[in-house]
Amino acid sequence: QVQLAESGGGLVQPGGSLRLSCAASGSIFSINAMGWYRQAPGKQRELVATITKGCSTNYADSVKGRFTISRDNSKNTVYLKMNSLKPEDRALYYCTAGVLHLGASKELDVWGPGTLVTVAS
């Protein structure tokens, strides 16, 4: 009943920028923290950045200073602005959110299907 949909992925050259978006939709009562994870081919899924409902942020050391996470609570949307992209940033980027569904008493983590970011020349 609640879905996350990422967008904004694509092919970019090293040093370039992309902005990912993730919009939540469905029977949402509230959304707590939101975040971005990524998974490179053959690698484990790893945390990229998180943002609380009050917009406190946390970043992986590998992206700190290059990526910026933000959110628009009125749109149930989280963003990831990625600057100075490196080949090692190539991965499927997944959006996640802690969602309290309408009629539910427990918050659940919801994941999007992912959007592919390819960094190559």
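Residues numbered from 1 in each chain as written. Predicted model: local features only at pLDDT ≥ 70, side-chain atom pairs only at ≥ 80, totals over all residues. Heavy atoms only, no water.

(A) Focus on the sheet that holds strand β1 (residues 2–7). With respect to topology, four strands assemble into an open sheet ordered β1-β3-β8-β7, the strand pairing being antiparallel. Each end of this open sheet is capped by a strand with a single partner; those strands are β1 and β7 (67–72). If you compare each strand with its neighbour and ignore which way they point, the axes differ by 15 degrees on average. Both strand β3 (residues 18–26) and strand β8 (residues 77–82) contribute to a ladder of six bridges, which runs antiparallel. When the bridges of β8 are listed, Cys-22 appears paired with Val-78. (Pairing = 2+ DSSP bridges. Helix = DSSP H or I, 4+ residues; strand = E, 2+ residues; numbered from the N terminus. Axes fitted to C-alpha atoms, helices over the stretch in contact; angles between N-to-C directions.)

(B) Expanded view of the packing of aromatic side chains. This model, assessed by the stated rule, comprises one aromatic pair. Cation over ring: Arg-45 sits above Tyr-94, and NZ or CZ is 3.8 Å from the ring centre. The ring of Trp-111 has Arg-45 sitting right over it, with the charged end atom 4.7 Å from the ring centre. (Phe/Tyr/Trp six-rings, centres within 6.5 Å; stacked < 30°, edge-to-face > 60°. Lys NZ or Arg CZ within 6 Å of the ring centre and 35° of its normal.)

(C) Up close: the nonpolar core. One finds Trp-36, Leu-80, Met-82 and Tyr-93 to be the most contacted residues of the largest nonpolar core, which totals 31 residues. Broken down by element, this core gets its largest block of residues, five residues, from strand β9 (residues 91–101). When sequence neighbours within four positions are dropped, the list of residues in contact with Tyr-93 reads Glu-6, Leu-20, Trp-36, Tyr-37, Arg-38, Val-48, Phe-67, Leu-80, Met-82, Gly-114, Thr-115 and Val-117. (Core = buried A, V, L, I, M, F, W, Y, C linked by side-chain atoms within 4.5 Å. Buried < 20%, exposed > 50% of the residue type's maximum accessible area, 1.4 Å probe, protein only. Contact = heavy atoms within 4.5 Å.)

(D) Spotlight on the environment of Val-99. Secondary-structure assignment places Val-99 in strand β9. We classify Val-99 as buried; its relative accessible area is 0%. If we ignore the near neighbours within four places in the chain, the residues touching Val-99 are Val-2, Ile-28, Ser-30, Ile-31, Lys-106, Glu-107, Leu-108 and Val-110.

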